[in-house]
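# Per-entry structural report
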Amino acid sequence: MPSYKQLNMATVLVDHEDIIVSKKFFGIITQLVYRPTGSKIRARQVYYGPESLTALKVIVESEPKALRSKLDTFGSQQQAIGNVMLEACVSSDGNFAALQVMQFAGYVYRATTDIRFFTEEDARLIIKALSL
């Protein structure tokens, strides 16, 4: 599991109003906490094949009303390594998720969506559907 500092979204994430940066052990260990519930946030990088790019973009960019139907139609499988990477930060209680879709091009992963924040029911749906 990567550190949140290794993610493309790190600077935006730590500036989010509902995120607390907690330092422990003389500042050596840094963790993120979702302020409303006090739960820890873990970072994930999940890989998919190129056929998943459009579906992931649609999910990340969808309006809350359409989110459930978009997730119901998503059937892509995670891979060990792939052309498409989903960067995600999720709270341990499932009430917060931050997502960004990246695509491998020119020997690096480049963002194909803006960072999107999901809370409460929407976050729980995303986490379950994408197995985060």
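To be clear, the structure that these remarks concern was listed above.
Anyway, here's the lowdown on the structure attached to this text.

### Things to note about the overall build of the protein chain
Per the secondary structure count, the protein chain includes four helices and seven strands. For the protein chain, whose C-alpha radius of gyration is 15 Å, the value lies close to the compact-globule estimate of 14 Å for 132 residues. Buried residues in the protein chain amount to 43% of all 132 residues. Sequence-distant contacts, at least 24 apart, represent 62% of the contacts inside the protein chain between residues at least 6 apart. For the protein chain, the accessible area works out to roughly 7400 Å², and carbon and sulfur atoms hold 51% of it. Across the protein chain, the 15 positively charged side chains and the 13 negatively charged ones have centroids separated by 6 Å.

### Thoughts on the pairing of strand 4 (residues 84-91)
A regular strand carries its side chains on alternate faces of the sheet. Of all eight residues in strand 4, eight are buried; the element is thus mostly enclosed. Across the two faces of strand 4 the burial is the same, with Val84, Leu86, Ala88 and Val90 and Met85, Glu87, Cys89 and Ser91 all buried. Judged from the eight bridges that link them, strand 3 (residues 39-48) and strand 4 form a sheet pairing that is antiparallel. Each bridged residue has a counterpart across the sheet, and for Ala43 the counterpart in strand 4 is Cys89. Hairpin connection, strand 4 to strand 5 (residues 96-105): the antiparallel pair is bridged by four residues, and Gly94 has positive phi, about 80°.

### A short note on the pattern of salt bridges
Summed over all chains, the structure comprises two salt bridges. Between Arg68 and Glu121 there is a salt bridge, with the nearest N and O atoms lying 3.8 Å from each other. Pair noted here: Arg68 is in helix 3 (residues 64-73) and Glu121 is in helix 4 (residues 120-129), with a separation of 53 residues, a long-range link. By relative accessible area, which is 38% here, Glu121 ends up partly exposed. Salt bridges linked by common partners bring Arg68, Glu121 and Arg124 together as one network.

### Focus: the packing of helix 3 against helix 4
Interhelical geometry of helix 3 versus helix 4 gives an angle of 15° and a closest axis separation of 11 Å. Here helix 3 is positioned roughly parallel relative to helix 4, judged by the angle of their axes. The handedness of the crossing between helix 3 and helix 4 is left-handed. Residue-level contacts link Pro64, Leu67, Arg68 and Leu71 of helix 3 to Glu121, Asp122, Leu125, Ile126 and Ala129 of helix 4. Of the residues that constitute the contact of helix 3 with helix 4, the class distribution is six nonpolar, no polar and three charged.

### Examining the packing of aromatic side chains
Applying the stated rule across the entire model yields five aromatic pairs. The interplanar angle of 75° and the centroid separation of 5.9 Å between the aromatic rings of Tyr48 and Phe74 together place this pair among those described as edge-to-face. With a gap of 26 residues between them, Tyr48 in strand 3 and Phe74 in the loop between helix 3 and strand 4 connect regions that are remote in the sequence. Phe74 matches Tyr48 in its accessibility class, with the two residues each being buried. Among the aromatic side chains, those forming a connected cluster through ring pairs are Tyr34, Phe96 and Phe117.

### Observations concerning the nonpolar core
With 23 residues, the main nonpolar core has Tyr48, Leu86, Leu99, Ile126, Leu130 and Leu132 as its most contacted residues. Residue assignment for this core shows that the elements contributing at least two residues are strand 3, helix 2 (53-61), helix 3, strand 4, strand 5 and helix 4. Once residues lying within four places of it in the same chain are set aside, the contact partners of Leu86 are Arg44, Gln45, Val46, Tyr48, Val60, Leu99, Gln100, Val101, Leu130 and Leu132. Leu7, Ile19, Tyr34 and Ala98 belong to the second largest nonpolar core, which has 13 residues in total.

The rules behind each value
- Residues numbered from 1 in each chain as written.
- Predicted model: local features only at pLDDT ≥ 70, side-chain atom pairs only at ≥ 80, totals over all residues.
- Heavy atoms only, no water.
- Helix = DSSP H or I, 4+ residues; strand = E, 2+ residues; numbered from the N terminus.
- Rg over C-alpha atoms; globule rule 2.2 N^0.38 Å.
- Buried < 20%, exposed > 50% of the residue type's maximum accessible area, 1.4 Å probe, protein only.
- Contact = heavy atoms within 4.5 Å.
- Areas by Shrake-Rupley, 256 points an atom, 1.4 Å probe, with all protein chains shown as cover.
- Lys, Arg positive; Asp, Glu negative; His and termini not counted.
- Charge placed at Lys NZ, Arg CZ, Asp CG, Glu CD.
- Pairing = 2+ DSSP bridges.
- Salt bridge = Lys/Arg side-chain N within 4 Å of Asp/Glu carboxyl O.
- Axes fitted to C-alpha atoms, helices over the stretch in contact; angles between N-to-C directions.
- Parallel < 35°, antiparallel > 145°, perpendicular 65-115°, else oblique.
- Left-handed = near helix turned anticlockwise from the far one by under 90°.
- Nonpolar A, V, L, I, M, F, W, Y, C, P; charged D, E, K, R; others polar.
- Phe/Tyr/Trp six-rings, centres within 6.5 Å; stacked < 30°, edge-to-face > 60°.
- Core = buried A, V, L, I, M, F, W, Y, C linked by side-chain atoms within 4.5 Å.

Worth remembering: the numbers are spatial, not functional.
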